[in-house]
Structure formats: C-alpha cells, structure tokens
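Here are the chains, one letter per residue:
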Amino acid sequence: MDSEEGTDSNSEALTNESMSPKRKNPEPLSQRVKRIVMANLLVILTVVGIIAGVLIGLAVRNVTLSKSQIIYIGFPGDLLIQLMELIIIPLVVCSVVSVDANINSKALGRLGGWAMLFFLITTLMASIIGVAMAFIVMPGSVTKTKIELLDDGISEPKNVIDSFLDLIRNIFPPNLVSASFQSYTTSYKLITKNGTDGNSNVTVEKLPIGTHQDSMNILGLVVFAVMFGIALRKLGEEGEILIKFFKSFSEATMVLVSWIMWYAPFGIIFLVAVKIVKLNNVVSLFACLGKYIACCIVGHAIHGIIVLPRIYCFITNKNPYVFLWGTFTALETAFGTASSLAALPVTMKCVEENNGVSKHISRFILPIGVTVNMNGTALFQCVATIFIAQLNNIPLNFLQVITILLTATVTNVGAVSLPAGGVLTLAIILEAVGLPTSDISLILAVDWLIDSTRTVLDIEGNAFGAGILQFFQDSSTNGGEITELIEVRTDVPECSQLMEKNGHGSEEVNNEAESESVL
C-alpha cells in the first residue's frame, strides 16, 4: 500500500509539474529590438529614404546645376516609377480576370456596388472638408503675385459634358493595346463662320475634337477584365485552363512586386531630392501660397487621420490605426511617387499580407479604387477653387458652392491617376462656376508637394475600403449566411447538366466549392 501511495504521489507531482506553465527566460533587449527592426525593415528604410532625399535636395540646392544634371540626378527615381508602371497592366488585368472568374455575377455586382457607395461618400466628405477649410482659413486673402513656373502650361479646360462623354468612351476602348498607354480626351478647335444674307458678323465656334493623350486607360482595362472574367466563368470546364493561367500570372506578378519594393527606398531618395532642387523662389512662394498649402495639407490630415479611421472603426469596431500601420509602406510609396497607379502593387501586397484582406477583394476593389476613389484630389480641388475665387475677389453663392462639391466628386471618377493629374480636372470645376482658369499656374507652382499628400490620402481611402468590404464578407460568413463569393474549382470539372438532371453529384460539388471559398 505504501508503495502504491508513493507511486500515486509521484505521478501527481509529475502531472502538476507538466501542467504548470513553463517559465521562459525574458527576451534580451537587443534581441527584441533586432526582431522589431527586421519585422519593419522596409518601412524604416523607406522613412530613411524620404529624410535622406530631403537632406540631399537641400544640400544640392546650393550648387548651380543645369537641367541636364538635374535629370541625371533623378534617374534612379525615374527608374522606380518605370518599374512600378511596368507591372501595373499584368497585375491589374490578370488579378481582375482571375477574381471575376471565381465569383458569381450577383456577388460581383453587390461587391462593386458597396465599393462605389463607399468611395463616393468618402469623396463627398473630403470635398466638404475642403470647402470648410477654405472658408475658415481664407487662403486667397493675399496679394496676387506672379511666380516663376517650371511647367510649360496646362491643357485647355473641358466642359462638364465633354468630360462625362470622355469617361464613357474610355470605359469601352477601341483597342486594348493602345489603352495600355493612351486614353481618350477631348480638345477644341476654333472655327470662324462668316455671316449670311449680307450680314458681316463673324462667329467663332468651339468644335470638340477627339484626341489621345499619353496616360494609361486603366478604367477601360479594368472593365474589359471584369467582362472577360465573367465570360470565362460562363464557359465552365472549357475556361478552366485560362483561369489557371491568369491566376498563376497574377501570383508571379506579386512576387515581382515584392522584389521591386526593396528598391523603392533607394529610388524615393532621388525622387524627393529632385522635387526640392526644382523648387525656385521658396520665400516668395510660401509668402504668397503658404496659407493655401497649409489649408490643403491640414485638410488631408483631418480626413486621413480622423475621418477615414473613424468610419472604419464605426463599421468594423476595430482599431483603425493598426490597419493603417499595415499599409504604411504603401503610403510612403504614394508620397514618394505621387502616383496612385505606381503605388497600386505595393498597396495590394500590404493589405493582403499585413491586414488579412482576401485576394478576391483586394485585387478587384483596389484597381477600381485607383480610378474612382479620389478623396485627396477632391479636397485639394475644392480648396484650390475657393482660393482662386478669393484671390480674384469673386464672391461665391450657395448654389456655386454646391456645384463645386458635386463637380469635384463626380469629375474625378475615371480621372488620370498620374502626377499632377488632379490639376487637369480642376479646370472643369473652375469652368462650371465661372472662375478664371489662368490662375491654375499658381496652383502648379506648389502642386508637387500637395500632389504627394493627396496621393497618400487616395491610397489610404482605397485600403480602408478594401478592409471594410472584407469585414462585411467575414460578418456575413460568420453569421451563418452562405457566402456568395464561391471560388471555382480549377482542378475538378463543374457538375455537368446530365448530373444535375439525374440529381447525382451536385450536392457534393457544392459542398466542395464552399469549402474552397477564399472569402
């Protein structure tokens, strides 16, 4: 009996010892710092690149450089933008095709509808913030001063109707190859007409003429990719080979994105440095436009740090700043390149790997958001419009303010997602409220700085939109509803019509498809 009791006590001691929590040695501070640095190495390098670019630009400004030398200095930065633009077409087209081929049409329409609603509401809110900031700060209450410009000029402004028709034309491009590097735009030709019936009056008619500008028609490519993906899904088993191809192509492109991201900190150094070197008459520039610059940047900060995170927190009940930190590399890339298109591949990678957004959502919504979601651009345009009105002592009534809000929200749909692209649509807003377009030259003088901050806001809005849609999808799935975003199995043929008639195999295929759902 004593031996049995001893055995029992020993076993109990061993059991208690095994069940007790293991004591771990505290991690040394050096190891902890090293782990944190390695986990955020790319973010740290990008921040260091921006700071180094500012310092190099300020140092080189004291040296007299020719325009050719400035171009040579900016070569590494130009190479970064070219690498980003190189993978945009294969990434966008292949991602959208593979995603649309793997979800049904009903779910696709609902997903796109919620995304468009979010983008339009946030863009309208950004426009309201811009108008409010402009009337509070009064950036145009300064003496009008001519500033030396580096830009050659701006294109002739279009009216609202031609801008809307250009959007429709770009949705359906006549040539996919040309849509990769050109988009349709309207220019004007003045035609003089002599009077008839002995009338000596001469009238001048402004005739719209269609031309093509050197900018990627990303909206037309996305629309084609959506329709092509739906068509592949309708083919069933015959389209599985192409679905596999586009899916593999998309994944391979994301690998290239991960390689290019490590070159980004080096390229951003020279992008920022060249922008600072090109800036002339800094004192007079900020004396005349300092309030305008502050109004735009503070408005972007309010919308990006307060409004968008509050919307995300209200809908998802999650910490928005944790989500924002996951996209920090994409925001830095947007600031350095000042191009939503160039930052698109990095944004996809960040929201998928750091924030848990499904590929089906990110690779469908983000390309659309690049052309539709223009929070930062709309805010800047509202501030710029009221700034020009105040500069010319032109009062704006309530109807004109409403026109500014609506025009800034609508005209940015399908706008050019390239550096200084927002200035092109600014002329449309000025024409809509009867303000002079000649003062856009003042806006161009500081557009390099404001363009970077508004691109950051555009990318942030796209990322939050993807996160909110992911939350909606997760909520519907966890709530017991059957998700509509069911992935098509590319390794098992779909259930044939004969099997459906006989009632065999349909239930099994549906269960397998549901288990394969990515969302």
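Look a little higher up for the structure.
This write-up is about the structure you can find in this document.

The rules we used
- Residues numbered from 1 in each chain as written.
- Predicted model: local features only at pLDDT ≥ 70, side-chain atom pairs only at ≥ 80, totals over all residues.
- Heavy atoms only, no water.
- Helix = DSSP H or I, 4+ residues; strand = E, 2+ residues; numbered from the N terminus.
- Buried < 20%, exposed > 50% of the residue type's maximum accessible area, 1.4 Å probe, protein only.
- Polar contact = N/O pair within 3.5 Å; in protein donor to acceptor, adjacent residues only side chain to side chain.
- Salt bridge = Lys/Arg side-chain N within 4 Å of Asp/Glu carboxyl O.
- Patch = residues over 30% accessible without salt bridge, like charges linked within 9 Å, V, L, I, M, F, W, Y side chains within 5 Å.
- Areas by Shrake-Rupley, 256 points an atom, 1.4 Å probe, with all protein chains shown as cover.
- Phe/Tyr/Trp six-rings, centres within 6.5 Å; stacked < 30°, edge-to-face > 60°.
- Lys NZ or Arg CZ within 6 Å of the ring centre and 35° of its normal.
- Axes fitted to C-alpha atoms, helices over the stretch in contact; angles between N-to-C directions.
- Parallel < 35°, antiparallel > 145°, perpendicular 65-115°, else oblique.
- Left-handed = near helix turned anticlockwise from the far one by under 90°.
- Contact = heavy atoms within 4.5 Å.
- Nonpolar A, V, L, I, M, F, W, Y, C, P; charged D, E, K, R; others polar.
- Core = buried A, V, L, I, M, F, W, Y, C linked by side-chain atoms within 4.5 Å.

Mapped onto the elements, T377 comes out in helix 18 (residues 375-391). Since its relative accessible area comes to 5%, T377 is described here as buried. In terms of polar contacts, T377 uses its side chain to reach the side chain of D458, at 3.2 Å.

Scanning the entire structure with this criterion turns up 6 salt bridges. Across the pair D166 and R169 runs a salt bridge, and its minimum N-O distance is 3.1 Å. With D166 and R169 both in helix 8 (residues 160-171), this residue pair falls 3 residues apart, about one helical turn. With relative accessibility at 36%, the residue R169 sits in the partly exposed group. Among the salt bridges present, the one from E353 reaches K349, with a minimum N-O distance of 2.6 Å. Of this pair, E353 and K349 both sit in helix 16 (residues 340-353), separated by 4 residues, roughly a single helical turn. A relative accessible area of 13% means that K349 is categorised as buried. Each of E251, E352, K359 and R363 takes part in one network of salt bridges that share partners.

Another point: a nonpolar patch on the surface. On the surface, L29, V33, V37, I44 and V48 cluster together to form a nonpolar patch covering roughly 410 Å² of accessible area. It is helix 2 (residues 29-39) that contributes the most residues to the nonpolar patch, 3 residues altogether. When you line up the elements, I44 lands in helix 3 (residues 41-60).

In this description, an aromatic ring pair is defined by two values, namely the gap between the centres and the angle between the planes. A complete count under the given rule lists 14 aromatic pairs for this structure. Pairwise contacts between aromatic rings join F224, F228, F245, F246 and F249 into one cluster. Between the NZ or CZ atom of R454 and the centre of the ring of F380, over which it lies, the distance is 4.1 Å.

Relative to each other, helix 6 (residues 88-101) and helix 16 sit at 55°, their axes nearing to 10 Å. With respect to each other, helix 6 and helix 16 are oriented oblique. Remark: the crossing between helix 6 and helix 16 carries left-handed chirality. On helix 16, the residues that touch I88, L91 and V92 of helix 6 are L341, A342, L344, P345 and M348. When the residues that make up the contact of helix 6 with helix 16 are grouped by side-chain class, the tally is 8 nonpolar, no polar and no charged.

It is worth spelling out the nonpolar core at this point. Among soluble globular proteins, nonpolar side chains are generally buried collectively. Counting 113 residues, the largest nonpolar core has Y292, F364, I365 and I443 as its most contacted members. The dominant element in this core, judged by the number of residues it contributes, is helix 18, at 11 residues. Setting aside anything within four residues of it in sequence, one finds I443 in contact with Y292, F380, A384, F387, I388 and L426.

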